[in-house]
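So the chains spell out like this:
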Amino acid sequence: MYRFLLTRQWVIVTLVALALVPTMIELGFWQWHRHWDRVASNQRIEDALDTAPVPVGSLTRPGARIDRDLYYRHVSARGVFETDREVVVRRRTNADDRVGYHVLTPLRLEDGRYLLVNRGWVPADGRQTEFPEIPAPPAGEVTVTGRLMADQTTAESGIKDLSDLPDRQVMLISSEGEAERLGAEVLGGYVELVSPAPADGSPELVPGPDHDSIGNHMAYAVQWWLFTAGVPVGWVVLVRRELRERREKTGQDAGEASGKGGSEDGGEDATEESATPATA
């Protein structure tokens, strides 16, 4: 009855179904882990944002790599902004998705080292080959607070680090690159400025990170697992339909054969009757 399952077509269908089940189970768990990774990341960000500012020198040093657990930690530093040595970071958007620049200004600390401070976003109103007009920060010594961030890379940001850019323009924030350009020691990573806020609102401060949304990963996990359950159900439905169609076809063939046999018997009887001579 079920010998059709050994045909090439049904062997392929069965093997595909068997391969899909573990694959979709694994995809479901992948989305499940992504959900909980996002939850944990949101919690880390929230904890970092809730911390009181600490001296920047306690979390980073020249050439240091900023650990992910330190992202968004509030730090403070005192020094003097050197606007004549600042650069702009190209192709950055603000909260309204307008394209412009981030302003990266070195803050010369009291010990002579430098801290890179992202003072915020300015629009790209002129030609991209020209250095944009940027409102100046407070003059003289100033105490700044901000969120500690790691150097930007192409792998994490997806932004290609182009060369041969106009003077004082960069694609990615790199403390090592700025240390080479400035010819001085620069603390690893950089700081997104929180205060003091610009008096006239420009540059626009970089908004804080989103740590409330968790995405659709859990929904996708459930979806993959529902698909997994649907594979064996679908396979059974297909088998039952194939079996029913084969039974119907067998019944039709048997009926046709029976009808054909009856017609042949009736024809032979009629021939015999016609061949029998009539008696007087």
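Each remark here, short or long, concerns the structure printed above.
As the structure is a prediction and not an experimental result, all values here were calculated from the model. (Residues numbered from 1 in each chain as written. Predicted model: local features only at pLDDT ≥ 70, side-chain atom pairs only at ≥ 80, totals over all residues. Heavy atoms only, no water.)

J.: Please explain the side chain of Glu192 as it appears in this structure.
T.: Within the fold, Glu192 resides in strand S8 (residues 190–195). Owing to a relative accessible area of 9%, Glu192 belongs among the buried residues under this scheme. Apart from the residues lying within four places of it in its own chain, the contact partners of Glu192 are Asn118, Thr145, Gly146, Arg147, Met149 and Val206. (Helix = DSSP H or I, 4+ residues; strand = E, 2+ residues; numbered from the N terminus. Buried < 20%, exposed > 50% of the residue type's maximum accessible area, 1.4 Å probe, protein only. Contact = heavy atoms within 4.5 Å.)

J.: How do you make sense of the packing of aromatic side chains when you look at a structure like this?
T.: Centre-to-centre distance and the angle between the planes together describe a pair of aromatic rings. The tally for this structure, following the rule as stated, stands at 6 aromatic pairs. Ring geometry for Tyr71 and Tyr72: centres 6.4 Å apart, planes at 85°, overall edge-to-face. Judged by relative accessible area, which is 15%, Tyr71 ranks as buried. Note on Trp224 and Phe227: the rings are 5.9 Å apart at their centroids and 85° apart in plane angle, and the pair reads as edge-to-face. With Trp224 and Phe227 both in helix H4 (residues 217–275) and 3 residues apart, the pair spans about one turn of that helix. Ring pairs connect the aromatic residues Phe29, Trp32, Trp36 and Trp225, which therefore count as one cluster. A cation over an aromatic ring shows up here: Arg168 above the ring of Phe131, its NZ or CZ 4.1 Å from the ring centre. (Phe/Tyr/Trp six-rings, centres within 6.5 Å; stacked < 30°, edge-to-face > 60°. Lys NZ or Arg CZ within 6 Å of the ring centre and 35° of its normal.)

J.: Before we go on, may I ask you to explain a negative patch on the surface in this structure?
T.: Residues Glu46, Asp47, Asp50, Asp210 and Asp212 make up a contiguous surface patch of negative charge. Tracing the backbone shows Glu46 in helix H1 (residues 8–49). (Patch = residues over 30% accessible without salt bridge, like charges linked within 9 Å, V, L, I, M, F, W, Y side chains within 5 Å. Areas by Shrake-Rupley, 256 points an atom, 1.4 Å probe, with all protein chains shown as cover. Salt bridge = Lys/Arg side-chain N within 4 Å of Asp/Glu carboxyl O. Lys, Arg positive; Asp, Glu negative; His and termini not counted. Charge placed at Lys NZ, Arg CZ, Asp CG, Glu CD.)

J.: Which parts of the structure should I look at to understand the pairing of strand S6 (residues 141–149)?
T.: Consecutive side chains along a regular strand alternate between the two faces of the sheet. Buried residues dominate S6, accounting for 7 of its 9 residues. In terms of strand pairing, strand S2 (residues 74–81) meets S6 through 7 bridges, oriented antiparallel. Its bridge partner lying in S6, His74 is registered against Arg147. Sheet topology note: the S6/S8 ladder contains 5 bridges and is antiparallel. Following the sheet pairing, Leu148 is matched in S8 by Val191. (Pairing = 2+ DSSP bridges.)

J.: Teacher, can you tell me more about the nonpolar core here?
T.: One broad rule of soluble globular proteins: the nonpolar side chains tend to lie buried together. Counting 34 residues, the largest nonpolar core has Ala77, Leu107, Leu115, Val144 and Leu148 as the members making the most contacts within it. Not counting residues within four places of it along the chain, the set of residues in contact with Leu107 comprises Ala77, Arg78, Gly79, Val80, Phe81, Arg113, Tyr114, Leu115, Val117, Val142 and Val144. Listed in part, the 5 residues of the second largest apolar core include Val88, Tyr101, Val103 and Ile134. (Core = buried A, V, L, I, M, F, W, Y, C linked by side-chain atoms within 4.5 Å.)

J.: Would you explain the pairing of S2 in this entry?
T.: Where strand S1 (residues 54–55) lies against S2, 2 bridges are found, and the strand directions are parallel. Bridge pairing in S2 links Pro55 to Ser76. Pairing of S2 with strand S4 (residues 99–109) involves 3 bridges; the strand directions are antiparallel. Following the sheet pairing, Phe81 is matched in S4 by Leu107.

Everything listed is a geometric property; what it means functionally is a separate question.
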